[in-house]
Amino acid sequence: MPNTLRVRPIAGAFARAKAEGRVALIPYVMAGYPDVETSEALAVALGEAGADVLEIGVPFSDPLADGATIQTASHHALEQGMTLTGALALAGRVSAQVATPLVLMTYYNPIFSYGIERFCEDASAAGVAGLIVPDLPPEEAAPLATAAEQRGIALNFLVTPTSPDERVEQVARVAKGSGGFVYCVSLSGVTGARAQLPEHLAAFVARVRARTDLPLAVGFGVARAEHVAEIGRIADGAVVASALLNAVDAAPPEKRVATTVAFLRELQSSTGQETPEDTAAQ
Amino acid sequence: MLHYTHETVISREASIFLMAKSLKAAQSATDAQKKTQGEEASTGTGTTYRHGSYPDARGRFGDFGGRFVPESLMAALDELDAAYANARQDAAFMAALAEQERVYTGRPTPLYFAERLSRRVGARVYLKREDLAHTGAHKINNALGQGLLAQRMGKRRILAETGAGQHGVATATVCAKLGMECIVYMGEEDIHRQSLNVFRMKLLGAEVRPVTAGSRTLKDAINEAMRDWVTNVATTYYLIGSAVGPHPYPVMVRDFQSVIGREARAQVLAEAGRLPDVVVACVGGGSNSIGMFYPFAGDESVRLVGVEAGGSGIASGKHSATLVAGRPGVLHGALSYLLQDADGQVIETHSISAGLDYPGVGPEHSYLRATGRATYVAADDEEALRAFRILSEEEGIIPALESSHAVAAVLAMGERGELAAEQVVVINLSGRGDKDINTVAKALDVTLE
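Note that the coordinates shown come from a computational prediction; the quantities given were computed from them, not determined experimentally.

A.B. asks: Got a minute to help me understand the packing of aromatic side chains in this structure?
C.D. replies: Where two aromatic rings form a pair, the distance of their centres and the angle of their planes describe that pair. Applying the stated criterion to the full structure yields 14 aromatic pairs over all chains. Three or more aromatic residues joined by ring pairs make a cluster, and in this case those are Tyr108 and Phe112 of chain A together with Phe68 of chain B. Its guanidinium or amino end placed over the ring of Tyr112 of chain B, Arg129 of chain B lies 5.9 Å from that ring's centre, counting from NZ or CZ. One cation-aromatic arrangement involves Lys177 of chain B over Tyr104 of chain B; the distance from NZ or CZ to the ring centre is 4.6 Å.

A.B. asks: Could you clarify how one ought to interpret the environment of Ser188 of chain A in this entry?
C.D. replies: Position of Ser188 of chain A among the secondary structure elements: in the loop between strand S7 (182–185) and helix H9 (201–209). In contact with Ser188 of chain A, not counting residues within four places along its chain, are Pro161 and Thr162 of chain A together with Ser72, Val230, Thr231 and Val233 of chain B.

A.B. asks: What should I look at first to understand the sheet that holds strand S1 (residues 60–61) of chain B in this one?
C.D. replies: Two modes of strand pairing occur in sheets, parallel and antiparallel, and in both the strands are linked by backbone hydrogen bonds. Residue and element names in this part refer to chain B. Sheet architecture is open: 4 strands sit in the order S1-S2-S12-S11, paired in antiparallel fashion. One side of each edge strand has no neighbouring strand; the edge strands of this open sheet are S1 and strand S11 (327–331). Two elements, S1 and strand S2 (residues 64–68), share 2 bridges in a ladder whose sense is antiparallel. Residue Arg60 lies in a different strand from S2, and its bridge partner there is Gly65. This element, helix H14 (residues 363–370), spans S1, S2 and strand S12 (333–338) of the sheet and lies at about 45° to S12.

A.B. asks: What am I meant to see in the nonpolar core here?
C.D. replies: Across soluble globular proteins, you tend to see nonpolar side chains buried next to one another. Of all hydrophobic cores here, the largest spans 189 residues; its most connected members are Phe119, Leu131 and Leu144 of chain A together with Leu149 and Tyr237 of chain B. Those residues in contact with Leu144 of chain A that lie beyond four places of it in its chain are Tyr108, Ile111, Ile116, Phe119, Cys120, Leu131, Val133, Leu136 and Leu155 of chain A. Core analysis: the next-biggest nonpolar cluster, separate from the first, contains 30 residues, Val121, Cys282, Leu391 and Ala409 of chain B among them.

A.B. asks: Looking at this structure, I do not really get the layout of surface pockets. What am I missing?
C.D. replies: Rolled over the atoms, a probe as big as a water molecule pinpoints where empty space is left. Space inside the second largest pocket adds up to approximately 560 Å³. Taken together, 29 residues form the lining of the second largest pocket, with Ser61, His75 and Leu78 of chain A together with Ala213 and Gly214 of chain B sitting closest to its centre. Only helix H3 (68–79) of chain A together with helix H10 (218–231) of chain B provide two or more residues apiece to the lining of the second largest pocket. The element that contributes the greatest number of residues to the lining of the second largest pocket is H3 of chain A, accounting for 7 residues.

Rules behind the numbers
- All chains use their own residue numbering, which begins from 1 and follows the written sequence.
- Numbering of ligands from 1 and lettering of chains from A proceed in the order in which they are written.
- Totals for whole chains, interfaces and linings use all residues, but because this is a predicted model, local features are given only for residues with pLDDT of at least 70 and pairs of side-chain atoms are given and counted only at 80 or more.
- Only hydrogens and water are removed before side-chain values are computed, so all heavy atoms of the structure are retained for them.
- The aromatic pairing rule takes the rings of Phe, Tyr and Trp, using the six-membered ring of Trp, and pairs them if the centres are within 6.5 Å, calling planes under 30 degrees apart stacked, those over 60 edge-to-face and the rest tilted.
- The criterion is that NZ of a Lys, or CZ of an Arg, lies within 6 Å of the ring centre and within 35 degrees of the ring normal, and then a charge sits over that ring.
- Secondary structure elements follow DSSP: runs of H or I of four or more residues count as helices, runs of E of two or more count as strands, with numbering from the N terminus.
- We call two residues in contact when some of their heavy atoms are within 4.5 Å.
- Any two strands with at least two DSSP-identified bridges between them are counted as paired.
- Here an angle of 0 to 180 degrees is reported between the N-to-C directions of two axes, which are lines fitted to C-alpha atoms, with helices fitted over the stretch in contact.
- To define a nonpolar core, start from buried Ala, Val, Leu, Ile, Met, Phe, Trp, Tyr and Cys residues and group those joined through side-chain atoms within 4.5 Å.
- A simple rule labels every residue: compare its accessible area, found with a 1.4 Å probe on the protein chains alone, to the largest value its type can have, and call it buried under 20%, exposed over 50%, or partly exposed in between.
- Any residue with an atom within 4 Å of a point lines the site, the site being either a cavity, points on a 1 Å grid over the protein atoms alone where a 1.4 Å probe fits but cannot get out, or a pocket, an open set with protein on both sides within 12 Å along at least 5 of 7 lines.
- Grid points are joined across faces, edges and corners, and a volume is the space filled by probe spheres set on the points.

Spelled out as structure tokens, the structure:
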């Protein structure tokens, strides 16, 4: 694994999208789903097609923040032998091919088991720019946040519609200067594609916006071009996960990558800019 | 990290006991034990047990516990923490709980001197009869306490997870009594093993939702209950059934279950005239055992022994002996011992008793283990079945397979000659075995019509 790779700033990706007058798109790939090779090909293709940030999911045996789509993918990826070590290796191969900043999404126990310091060292070497750990609230995050910061990795916290103002302010304080983003969970619930974004999303995002200058990415339930357009009016980034996995599942094996890239392009058509190819990482 | 085998635990137990002939020797044994435990605690806890000082404000028992949950639940946990602290201070709430424990649950449950079992093991053995509590297990203590708390908080929709079905039955019972909606998540595998309890829950008006994810047992039922709670957090109360989960659940469940140990302590003082030498209870998530242990944990002379499910044997890898064979990890909102693979994935567990078939354990048990205040051993399926039969045939008490593990450990102590005639042993008989008849028949190759 190359250990001389520079960690790419997430903040830079958001700033570039903003300068171009569009919302940043953050597609998700589950490491090892539907198999290791395809997940790598998907990540590289999505990066080349102009994804602003790539989220790489690490499978876990007990994904309690996830709905059926990611649960199934996670279970399948584990059966294929995917591990945190395997996901880091995959991240290293992807970051060697595309410049898109990588964010690893993993539950806390695999990191805890791997060893926090060693994990941050290896993640940094693999070119990982950020982390999302859905079961690690700020109260419990100090050991990981500190180790990650030392390696230039941003721990991106989640806020939800149920987070009181004080908790949003706490996240803003802890995350300030991390170079990452705040993940606005659109609804109180688990991950999974939904037909509509929640009614109170704009008010929720505005509540977060009033408390932090960090970029805001909205995720959970984001599945359609019109969702991306709606998010573009209120936030800085849109995370698309389950809907993308559904696209992978719907395609015949030989067309998985092409179909998924086509889906990304469809979403990009609603980000507020016409030609995403121009901004694609080389 | 030292990974015990069953044998090493037993031999250490035995050697500690042999050394414990005089008070001075006992003290040095305890010190030695603490030293060993301290060295092996990878989270660096290895300190002396401090009774009554945990959990701290962060919900930590030493290094264990905490709140490792999705952000969506954090506000709900704060609300629950505040509501519980408020209820505990409210004499009227505590009096209402005590009254319902008396007239509805049938407390106090008896402490029974098991004469034939005593003769067999060579010590004075008492059984704390939680099997005689309403619904047939200790689970009602916690369900009643939390149910009354949910009512006080104005929550009308109650969620529960269940393994053996006893907590599901207890929760359905309390919801029927209090007029609340009850949804019970249960692994499909457990639904097959415990069909009788599934029917009981339905009779009590609960909706039983099968969980088909993962290993289809208790841990998956907890995942699904938490997903439901995340989704419906504004209207819903999650009534967790064991001393696990994010703070404040472990302390709340301990407090509601401590009625077992408080009663047992007073009863054994009255009947035997002194504190017991050993207190034994089975440990799955660890609610009956923490309820039994905690009121004795401040009495330094009382040995606390937790008995985990050894399944097909520790060496086989097919077991649920988290504290015996696991290492610290994070599952279901708490940092505690965990059965996991080298990659930090939670592994599938095995036990003949659905109620012990769980890869995690309550964080206070991890603290008791790390400080050496309690010791944890395993009894395998065969030993539990044998204990099940012995208690049935020689005391006329059909114990739950879970509780049979605790009995098995005491039988083993007796057979190894570790117990003396004047010693007093208290076993928490956490539940009755009616629910297990089909499982036992199958294990004994008996076909029921």
